[in-house]
Amino acid sequence: MLSERRLEVLRAIVQDYVGTEEPVGSKALTERHRLGVSPATVRNDMAVLEEEGFIAQPHTSAGRIPTDKGYRLFVDKLAGVKPLSSPERRAIQNFLDGAVDLDDVVGRTVRLLAQLTRQVAVVQYPSLTRSTVRHVELLALAPARVMLVLITDTGRVEQRLIDCQGPFGEASLADLRARLNSRVVGRRFADVPQLVQDLPDSFEQEDRGTVSTVLSVLLETLVEETEERLVIGGTANLTRFGHDFPLTIRPVLEALEEHVVLLKLLGEAKDSGMTVRIGHENAHEGLASTSVVAVGYGSGDEAVAKLGVVGPTRMDYPGTMGAVRAVARYVGQILAES
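In the nomenclature of an unreviewed UniProt entry, the chain corresponds to Heat-inducible transcription repressor HrcA from the organism Streptomyces benahoarensis. Word for word, the UniProt comment on the chain under Sequence similarities (unreviewed entry) is "Belongs to the HrcA family."

What follows is the structure in structure tokens.
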């Protein structure tokens, strides 16, 4: 275990390197931070930190920079989450409050995260596998044609046209709508098939075919919509950090184009807590020089999706974690109210 003083030296190195982009020397550390010891002692502490792999010498300069291991210790032990200021919180709320539907919420969230953190923002659409049914609407368009509208607890709306086997009257349609909603409203998508499997049997013989058709379209919709969708924004922000990527930013850009990679990066939505993956902790080779900060968001206690940012390992972790957490909280509130 490192002593408290050496942890303070590491904290100072991370803060200075993130702020100045320059390797940090012992003289500068003692001038900028109240470490209470001489430059010689700080030099000795830095030698220990380097020996244990927390900092490294990038080239022949006198300064040192944090390694992935150093950033990891900083995030786990030394960095609190920096709260946003009142004006920042108001700006987030005002910007997100203007959203008109789920697509707009997701689009605005991506732009907001990219602007707040000046990193690449990634927002996952609420996954229907973790969603519940808010309402199922059935509308008669013609004697044998029905529109099914599925509304989820996260505000997602799916519409399907159904050609019935024969004419289906308004009274029968209203009856089906009422019985269907009484069984599925507030229930998770995964539970719906079992909840409706015996519903056709409760209708008159001549209506059972149409009821079965409507149910099969509903179940198909639930299956189709479990595919994960992502929106990404602020990729141009990476160009500001050209020197933070060892050779070129191309591998990073290529990795960001692969949504499967990004979904793995964000992690499982059910893990709603804050996750920070640093450098080589990211399994994808192209992202070995980046860090990912992600958190779950949802309309209740349970996360339905993840959002986060991708940027260089030389990142303002407390500020980024604070912004990501605050945005996730506001998006969750909007989904709960929608």
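A. Representation of helix 3 (residues 39-51). Over its 13 residues, helix 3 runs 18 Å from end to end, which matches the ideal 18 Å to within 8%, given 1.5 Å per residue. Turning to helix 3, its buried residues are V42, D45, M46, V48 and L49. Buried residues of helix 3 fall within an arc of 160° about the axis and therefore sit on the same side. Residues of helix 3 that are buried make contact with helix 1 (4-20), helix 2 (26-32) and strand 1 (55-56).

B. Fine view of the packing of aromatic side chains. Counted under the stated rule, the structure contains one aromatic pair. Each ring, one from Y71 and one from Y317, has its centre 5.6 Å from the other, and the planes form 50°; the classification is tilted. Note that Y71 is positioned in helix 4 (residues 68-78) and Y317 in helix 12 (residues 317-337), a separation of 246 residues in sequence. Residue classification places Y71 among the buried residues on the basis of a relative accessible area of 2%. Note that K69 overlies the ring of F54, its terminal NZ or CZ placed 4.6 Å from the centroid. Lying over the aromatic face of Y125, R229 brings its terminal NZ or CZ to 4.0 Å of the ring centre.

C. Structural context of the sheet that holds strand 8 (residues 275-278). Strand order in this open sheet of five strands is 7-3-10-9-8, and the pairing throughout is antiparallel. Strands at the two margins of the open sheet, each flanked by one partner only, are strand 7 (230-233) and strand 8. Geometrically, the sheet is characterised by an average inter-axis angle of 15° between neighbouring strands, direction not taken into account. Contacts between helix 12 and the sheet are confined to strand 8, strand 9 (290-297) and strand 10 (305-312), with strand 9 contributing the most and set at about 25° to the helix.

D. How the structure looks around the pattern of salt bridges. One pass over the structure, following the stated rule, counts 15 salt bridges. When the shortest N-O distance is used, the salt bridge between R64 and E50 registers 2.7 Å. With R64 in the loop between strand 1 and strand 2 (65-66) and E50 in helix 3, the pair connects residues that are 14 residues apart, well separated along the chain. In this structure E50 comes out as partly exposed when scored by relative accessible area, which is 28%. A network of salt bridges, in which partner residues are shared, links R5, R6 and D45.

E. The sheet that holds strand 6 (residues 157-163), seen in detail. Taken in spatial order, the three strands line up as 4-5-6 in an open sheet, and their pairing is antiparallel. Both edges of this open sheet fall to strand 4 (133-142) and strand 6, since each of them pairs with a single strand only. Taken over all neighbouring pairs, the strand axes of this sheet differ in orientation by 20° on average, direction set aside. The pairing of strand 5 (residues 145-152) with strand 6 spans seven bridges and is antiparallel. Considered in strand 6, the bridge of I151 is made with V157. Packing against the sheet, helix 7 (residues 170-184) makes contact with strand 4 and strand 5, and its axis sits at approximately 165° to strand 4.

F. Representation of the environment of I55. Relative to the helices and strands, I55 is located in strand 1. C-alpha of I55 to C-alpha of P66: the two residues are 11 residues apart in sequence and 4.2 Å apart in space. Among residues more than four places away in sequence, those in contact with I55 are L10, I13, M46, L49, E50, R64, I65, P66 and T67.

G. Region of interest: the environment of L230. Within the secondary structure layout, L230 lies in strand 7. The exposure class assigned to L230 is buried, which follows from its relative accessible area of 11%.

H. The nonpolar core, seen in detail. Judged by nonpolar contacts, the single largest core of 57 residues is most densely connected at L29, L307 and Y317. The element best represented in this core is helix 12, accounting for 11 residues. Shared between two domains, this core holds at least three residues of each, these being domain 1 (4-77) and domain 2 (86-126 + 228-337). Leaving out residues up to four positions away in the same chain, L29 has contacts with V9, A12, I13, D16, V24, L35, V42 and M46. Core analysis: the next-biggest nonpolar cluster, separate from the first, contains 24 residues, V136, L150, F189 and V196 among them.

I. Seen up close, helix 4. Every buried residue of helix 4 is listed here: G70, Y71, L73, F74, V75 and L78. Check the buried side of helix 4 and you find it contacts helix 1, strand 2, strand 8 and helix 12.

Calculation criteria
Residues numbered from 1 in each chain as written. Predicted model: local features only at pLDDT ≥ 70, side-chain atom pairs only at ≥ 80, totals over all residues. Heavy atoms only, no water. UniProt positions renumbered as here; feature names shortened; annotations may be inferred. Helix = DSSP H or I, 4+ residues; strand = E, 2+ residues; numbered from the N terminus. Expected span 1.5 Å × (residues − 1). Buried < 20%, exposed > 50% of the residue type's maximum accessible area, 1.4 Å probe, protein only. Arc of directions from axis to C-beta. Contact = heavy atoms within 4.5 Å. Phe/Tyr/Trp six-rings, centres within 6.5 Å; stacked < 30°, edge-to-face > 60°. Lys NZ or Arg CZ within 6 Å of the ring centre and 35° of its normal. Pairing = 2+ DSSP bridges. Axes fitted to C-alpha atoms, helices over the stretch in contact; angles between N-to-C directions. Salt bridge = Lys/Arg side-chain N within 4 Å of Asp/Glu carboxyl O. Core = buried A, V, L, I, M, F, W, Y, C linked by side-chain atoms within 4.5 Å. Domains from an automatic or database assignment.

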